[in-house]
Amino acid sequence: MAPLQTQTRAQDEEEPKPEWKVTGEAYSKYAQYFETMAKDVYGRATGRDVAQFLTQSGLNKPVIAGILELADIDRDTMFDCDEFAVAMHLALIISKRGFALPDRLPLWLVPKSKRHGA
Ligand SMILES: [Ca+2]
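One structure accompanies this document, and this report is about it. Along each chain, residue indices are assigned from 1 in the same order as the chain's sequence is written. Reporting of local features is limited, given that this is a predicted model, to residues whose pLDDT is at least 70; pairs of side-chain atoms are given and counted only at 80 or more, and all residues count toward the totals for whole chains, interfaces and linings. As a rule here, side-chain values come from all non-hydrogen atoms in the structure, and water together with hydrogens is ignored.

## Digging into the overall build of the chain
Phase 1 of the analysis: Numbering of helices and strands runs from the N terminus, with a helix taken as a DSSP run of H or I at least four residues long and a strand as a DSSP run of E at least two residues long. Along the chain, the regular secondary structure elements total four helices and two strands.
Phase 2 of the analysis: Ordering the α and β elements of the chain from the N terminus gives α-β-α-α-β-α.
Phase 3 of the analysis: For every residue, the accessible area obtained with a 1.4 Å probe (protein chains only) is divided by the maximum for its type, and the residue is called buried under 20%, exposed over 50%, and partly exposed between those limits. Looking at the chain as a whole, 35% of its 118 residues are labelled buried.
Phase 4 of the analysis: For the chain, restricting intrachain contacts to residue pairs at least 6 apart in sequence, the fraction spanning at least 24 positions comes to 62%.
Phase 5 of the analysis: Note on areas: these come from Shrake-Rupley sampling with a 1.4 Å probe, and a residue is covered only by the protein chains present in the view. Here the chain has roughly 8100 Å² of accessible surface; of this, 52% comes from carbon and sulfur atoms. The criterion used for residue contact is that any of the two residues' heavy atoms lie within 4.5 Å.

Here it is as structure tokens:
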């Protein structure tokens, strides 16, 4: 495929970072659910509570465990609102849209707050 003229120097430039796709109405809804959950002093929910919440999606336990592993981006076993939104979004697109559980979190699912130098 011939490169477009405007892209001839693309190799010398940074790859554009995809925007976080969990925004707007969807994020507001996830944030509302998150509000209803028990939280620690840092405003984070436990993985156990998030797993409990995700069982409502009808997904089986191994898939939920996989979702939690991906969504707990800083791997502290706790979920802040952004991580919870990622978990909810993954559960939704897997259960409703046939999205396959990925091996690693695609960049469009990584919240801006978690992109440490990524
Ligand atoms: Ca976390």
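Still more ground to cover, so stick around.
## Quick word on the layout of surface pockets
Phase 1 of the analysis: In this analysis the probe radius is 1.4 Å and the grid spacing 1 Å, with only protein atoms considered; a cavity is a set of points the probe fits into but cannot get out of, a pocket is an open set with protein on both sides within 12 Å along at least five of seven lines, and lining residues have an atom within 4 Å of a point. Grid points are joined across faces, edges and corners, and a volume is the space filled by probe spheres set on the points. In this structure, the largest pocket occupies an estimated 300 Å³ of space.
Phase 2 of the analysis: Of the residues belonging to the lining of the largest pocket, the class tally is seven nonpolar, no polar and seven charged.
Phase 3 of the analysis: Taken as a whole, the second largest pocket encloses approximately 230 Å³ of empty space.
Phase 4 of the analysis: Forming the walls of the second largest pocket are K29, Y30, Y33, F53, L54, Q56, S57, M88, A91, L92, S95 and K96.
Phase 5 of the analysis: At five residues, the largest contribution of residues to the lining of the second largest pocket is made by helix α4 (residues 81–97).
Phase 6 of the analysis: Here the lining of the second largest pocket is composed, by residue class, of seven nonpolar, three polar and two charged. All amino acids are sorted into three groups, where Ala, Val, Leu, Ile, Met, Phe, Trp, Tyr, Cys and Pro are nonpolar, Asp, Glu, Lys and Arg are charged, and the leftover types, Gly among them, are polar.

## Overview of the coordination of the calcium ion
Phase 1 of the analysis: Note that water is not among the atoms considered, so a metal site may appear incomplete; the donors listed are N, O and S atoms within 2.8 Å of the metal, with 3.2 Å applied to Na, K and Ca. Summarising the metal site, the calcium ion is bound by the protein donors D72 (OD), D74 (OD), D76 (OD), M78 (O), E83 (OE) and E83 (OE), whose distances to it range over 2.2 to 2.5 Å.
Phase 2 of the analysis: If you list the donors of the calcium ion from N- to C-terminus, the spacing comes out as D-x1-D-x1-D-x1-M-x4-E.
Phase 3 of the analysis: Exposure remark for D72: the relative accessible area of 7% places this residue in the buried category.
Phase 4 of the analysis: Judged by relative accessible area, D76 falls into the partly exposed class, the value being 27%.

## Regarding the side chain of R115
Phase 1 of the analysis: Within the secondary structure, R115 sits in the segment after α4.
Phase 2 of the analysis: For the buried R115, no salt bridge is present, and the opposite-charge side chain at shortest range is E19, 6.1 Å distant.
Phase 3 of the analysis: Here a polar contact is recorded for every N or O atom pair within 3.5 Å, except that within protein the pair must consist of a potential hydrogen donor and a potential acceptor, and residues adjacent in sequence are included only if both atoms are side-chain atoms. A polar atom in the side chain of R115 sits 2.9 Å from the backbone oxygen of V110.
Phase 4 of the analysis: Contact partners of R115, with chain neighbours within four places excluded, come to K17, P18, E19, W20, L107, W108 and V110. Charged-residue counts in this description rest on Lys and Arg as positive and Asp and Glu as negative, His and the chain ends being excluded. When a carboxyl oxygen of Asp or Glu lies within 4 Å of a side-chain nitrogen of Lys or Arg, that pair is called a salt bridge.

## Quick notes on unusual backbone geometry
Phase 1 of the analysis: One non-glycine residue, R75, lies in the positive phi region at around 55 degrees.
Phase 2 of the analysis: Locating R75 in the fold gives a position in the loop between α3 (61–71) and β2 (78–79).
Phase 3 of the analysis: Among the residues examined, R75 registers a relative accessible area of 61% and is labelled exposed.
Phase 4 of the analysis: Residues other than glycine seldom take positive phi values, yet T77 does so here, at roughly 65 degrees.
Phase 5 of the analysis: Note on placement: T77 falls in the loop between α3 and β2.

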